[in-house]
Structures are given as structure tokens and as C-alpha cells.
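Take a look at the letters that make up each chain.
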Amino acid sequence: MGIYLNPSNDNFKETLTRKIYVDKTMMISVLNEFMSEDNKYICVSRPRRFGKTIAGNMIAAYYSKGCDSRELFAPYKIAKDQSFECNLNRFNVIKLDINSEYRNALDKNNLIFGLTRDLQREFSEQFSEIKFLEDDSIAKCILKVFSKTGEKFVLILDEYDVLVRENVSSDLFTQYLDLLNGLFKSDTLKPAIALAYLTGILPVVRDKV
């Protein structure tokens, strides 16, 4: 269990303590259908405060090998769905809150380098039998695990578009595009990805008075 790689279900568990929780777990059934198809890269754009992060936490809690979420989902609709058992806590999950990482980075120009280094450490800790190098990208780390174990990954990127909205330096933006291209446009990596779920902010357009 790591911070980014195979996270726990603590965030979603905390959400379920609210007095009011609208059951949206059947989203998982739809995602399970996408996983069996070629169209397994999903991007959802919504305005702020529309539950994007909660959905990401729910998805991570369901797929992540870093936790056991059977009892957590038991009271909800997805537990009665025929696909529930198929993918429950059976995948390596990488969950990145890009907005949080950007806001908390002291040296924003080294954001991608720092994030990659943190993930490299978690890969080394969780897959100690595999040798990871300092210059391995996140995509390369995933590929090494898939090559050695056959295990696939679920990628969850919350607010993936924050660096576009913040108009960051061209150098940082190029690094970020390289990261995204390496993860989502690589035909070599594609067999190792079971599902990708990205969320972005849909701007609210107001009429001029």
C-alpha cells in the first residue's frame, strides 16, 4: 500500500461517514464494461464541486490491490451487480491528484521529476524483486511490472488539466505532455493498462449582463 501506488480506501471510507451520501457506485459497473473494450481511456469534465474527486476515490477503493473493500461496498448497489467480484481489489492502481501535487510543490518546475521519483520509490518498495532505475519514467516502471508479473494497472488522474489552466512555464508543460503521452499514447504500454480515468474542470460560462 502506497500514497500513489495501490492506495488504501481511507478517502472513500471517510466519504461514506457523511449523513448524506448519494449512491453512485454503479459507475463502477460501467467502467468494468469499458475495461473489456478497446475504449478504456475515459476523460470526464465537470464544473467544480460536482463530485469528481469523490468518484476517483471510489474507483481507487474498488480496484486497488492496496486494500480490501468488500465490506465497504456491501451496502451499495454495485455489490449486487454481476461484475462486482470480477475486478474487486485486483489491480495495481496509480492515483494522482495533479492539482494537489501542483499546489504543494515548492519547486513547481521540478513537479514532474519529483512525482516520478516518489513513484519510483513506491514501485521499488512494492515490487522489490524488480530493478528500477533512476531514469525510469512512470510508464517504464509500469511496463517493467507488467513484463515480469503480467499485472495490469488502473490509472486515475484527478484534475489532469490544472497545468493548462495555470498557464505554467513551457518547460514544465512540455514535461507534463511527455508524461501524458508516455502513459496514454504508447502502443507498447497499452496492454499494461486496464483502465484510465481522468477528470478535468469544465469552466462555467456566465452570460454578460
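In case you missed it, the structure is sitting above this.
Residues numbered from 1 in each chain as written. Predicted model: local features only at pLDDT ≥ 70, side-chain atom pairs only at ≥ 80, totals over all residues. Heavy atoms only, no water.

Student: How would you explain the overall build of the protein chain if you had to name every residue and give the values?
Tutor: Regarding its fold elements, the protein chain presents ten helices and four strands. Helices and strands appear in the protein chain in the N-to-C order α-α-β-α-α-α-β-α-α-α-β-α-α-β. Taken over C-alpha atoms, the radius of gyration comes to 17 Å for the protein chain, in line with the 17 Å a tight globule of 209 residues would show. Principal axes of the C-alpha set define a box for the protein chain whose edges measure 60 × 45 × 30 Å. Across the 209 residues that make up the protein chain, the buried fraction comes to 48%. Contacts spanning at least 24 positions in sequence make up 77% of the contacts within the protein chain whose residues lie at least 6 apart. Roughly 11,700 Å² of accessible area belongs to the protein chain as shown, and the carbon and sulfur atoms make up 50% of that amount. Separation between the mean location of the 29 positive side-chain charges and that of the 29 negative ones in the protein chain comes to 4 Å. (Helix = DSSP H or I, 4+ residues; strand = E, 2+ residues; numbered from the N terminus. Rg over C-alpha atoms; globule rule 2.2 N^0.38 Å. Buried < 20%, exposed > 50% of the residue type's maximum accessible area, 1.4 Å probe, protein only. Contact = heavy atoms within 4.5 Å. Areas by Shrake-Rupley, 256 points an atom, 1.4 Å probe, with all protein chains shown as cover. Lys, Arg positive; Asp, Glu negative; His and termini not counted. Charge placed at Lys NZ, Arg CZ, Asp CG, Glu CD.)

Student: I'd like to hear about the pairing of strand β2 (residues 92–97), residue by residue, with values.
Tutor: For β2, the buried fraction is high: five of the six residues fall into the buried class. Inspection of the sheet shows β2 paired to strand β3 (residues 153–158) by six bridges, in the parallel sense. Across the sheet, N92 pairs through a bridge with F153, a residue of β3. (Pairing = 2+ DSSP bridges.)

That is the geometry; function is a separate question.
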